[in-house]
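A closer look at the structure
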Amino acid sequence: MAIKIDHIDAGSEAEQLGLQPGDELLSVDENELNDTLDYDFYTDSKSFHLKARVADGIREWDVHRAERGPFGCDFKTYLGDEKHSCSNHCMFCFIDQLPPGMRESLYFKDDDERLSFLFGNYITMTNMQDHEIDRIIKMHISPINISVHTTNPQLRVRMLANKRGGEVLKYLPRLVEGGIAVNCQLVLCRGVNDGDELRRTLTDLLELTPMVQSIAAVPCGVTDYRKNLYPQVPFDKETSAAVIDILEEFGDECVKRHGKRIIYPSDEWYLKAERPIPPAEFYEEFDQLENGVGMMRLFEEEFLAELEKPHRIYGTKKLDVVTGTMAAPLITRMMEELHRQYPMIEVTVHPVKNNFFGGNIGVAGLITATDILDQCRGKLTSGILGVPEVMLRDEKDMFLDSITVEQLAQQLGVKIEILPASGGDEAKALLRSGLHISRRRK
């Protein structure tokens, strides 16, 4: 294998050797280079033997330098090659449930262990081989995030629609024994991997704690675009409560064994079961926020904490804010408390039902501009619309349905204010930090 150089940093040791864009790095100390993880790991040394393919053939150098650090080669992608795609056809896959006509990039399924380490993506391990597990352990690439779903090999084959789904479960204990910390995700499908199967999975994973350092369970998302897919029945109040009871039971056991809960239900279970979200202490370090675990509790804690700080408000402020149906009660409650303490700020919350995807989708991050337009046109009370940044792609300029922030603003005739994801930062954006002025207390 080899990775092609796209750019050489000026003044770097790579430039001093005469390496050029287009040259291919082949090995370091006879270790093949497959991607930037190999490159970073093996060149982070004061001395190494480098082999490369350059314009006039293969060249080799013995590199000696004063200190470890970046060598000076940059690559076309952050991986040095293309992302590894998913080879599964999971019965719960959200991408398979997307409507047609969306951006092409949204339909790509990644299942890349490197993205797990670099960006926190979850992997199923079905496209991995023994040597890749060996590399993770050798380089101590930790933590690794794994979509487990079930530890029943036959059931995992069925759920992932991949014959290697059960076989690769052997990698879990290998990673743990190799000193790699693991975060696990369980997407639960009603009547499939809940109930006794969930108990089996948690019992198996409990034996791998504390190196399995967190386990999050989330309900399968169901859209209206499930033609020819496994028929999913959404969880209801009773079945959600049953899931919570199992997860909390095993979490309590982890507290006894390790002093840490480790196993967490996502917020959606509590909302579906009509139970209160647990207090902040339940979530400890909030290890599984990316799976919606404790996100609502943390938002509330940070929002209220920011309100307790001194702020000066100049004049009055009135705006509208959109959110998903799941978060709407919390956001409404926070805006009412904001107004109680700072009467000069008035925020109208607009819960937006997700008609674009349909099904049981209620999270704010999947709200589209199409639904905002359909449900908010003519109902806004101000000239400013607050849009949570989680509704937008990373560039903060476009919704999932490819409508831009600018287009939404034009069609609604308002100014768009993009609101930060964290509760504290959102409160700051609404308050505009400064010195203390009159505020109503209890």
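Residues numbered from 1 in each chain as written. Predicted model: local features only at pLDDT ≥ 70, side-chain atom pairs only at ≥ 80, totals over all residues. Heavy atoms only, no water.

**Digging into the overall build of the chain**
In plain terms, the rule: Note on conventions: DSSP H or I runs of at least 4 residues are helices, E runs of at least 2 residues are strands, and numbering of each starts at the N terminus. Residue burial is assigned from relative accessible area. The probe radius is 1.4 Å, only protein chains are included, and a residue is buried under 20% of its type maximum, exposed over 50%, and partly exposed in between. Any two residues whose heavy atoms approach within 4.5 Å at even a single point are treated as in contact.
Looking only at helices and strands, the chain features 15 helices and 15 strands. Taken along its principal axes, the extent of the C-alpha atoms in the chain is 70 × 55 × 45 Å. Scored against the burial criterion, the 442 residues of the chain give a buried share of 51%. Within the chain, contacts between residues separated by at least 24 positions form 71% of all contacts whose residues are at least 6 apart in sequence.

**Details of the confidence of the model for the chain**
Counted only if it meets this: Per-residue confidence from the prediction method is given by pLDDT, with values spanning 0 to 100.
Mean pLDDT over the chain stands at 90; residues scoring 70 or higher make up 93%. Across residues 433-442 the pLDDT falls below 50, and counting only partners more than four positions away or on other chains, this stretch makes 29 contacts in the model.

**Some words on the environment of Pro 153**
Relative to the helices and strands, Pro 153 resides in helix α5 (residues 153-160). Residue class for Pro 153 comes out partly exposed when judged on its relative accessible area of 27%. C-alpha of Pro 153 to C-alpha of Thr 325: the two residues are 172 residues apart in sequence and 36 Å apart in space.

**Observations regarding the sheet that holds strand β10 (residues 212-219)**
Operational definition: Pairing between two strands is assigned when DSSP locates at least 2 bridges connecting them. To define axes, lines are fitted to C-alpha atoms, for helices over the stretch in contact only, and angles between the resulting N-to-C directions are given on a 0 to 180 degree scale.
Pairing is parallel across the open sheet formed by four strands, whose spatial order is β8-β9-β10-β11. Of all strands in the sheet, those with a lone pairing partner are β8 (144-147) and β11 (263-265), marking the two edges. For this sheet, the mean angle separating the axes of adjacent strands, direction not counted, is 20°. As judged from the four bridges shared by β8 and strand β9 (residues 182-188), these two strands associate in the parallel manner. Bridge pairing in β9 links Ser 147 to Gln 185. Packing against the sheet, helix α8 (residues 237-258) makes contact with β9, β10 and β11, and its axis sits at approximately 155° to β11.

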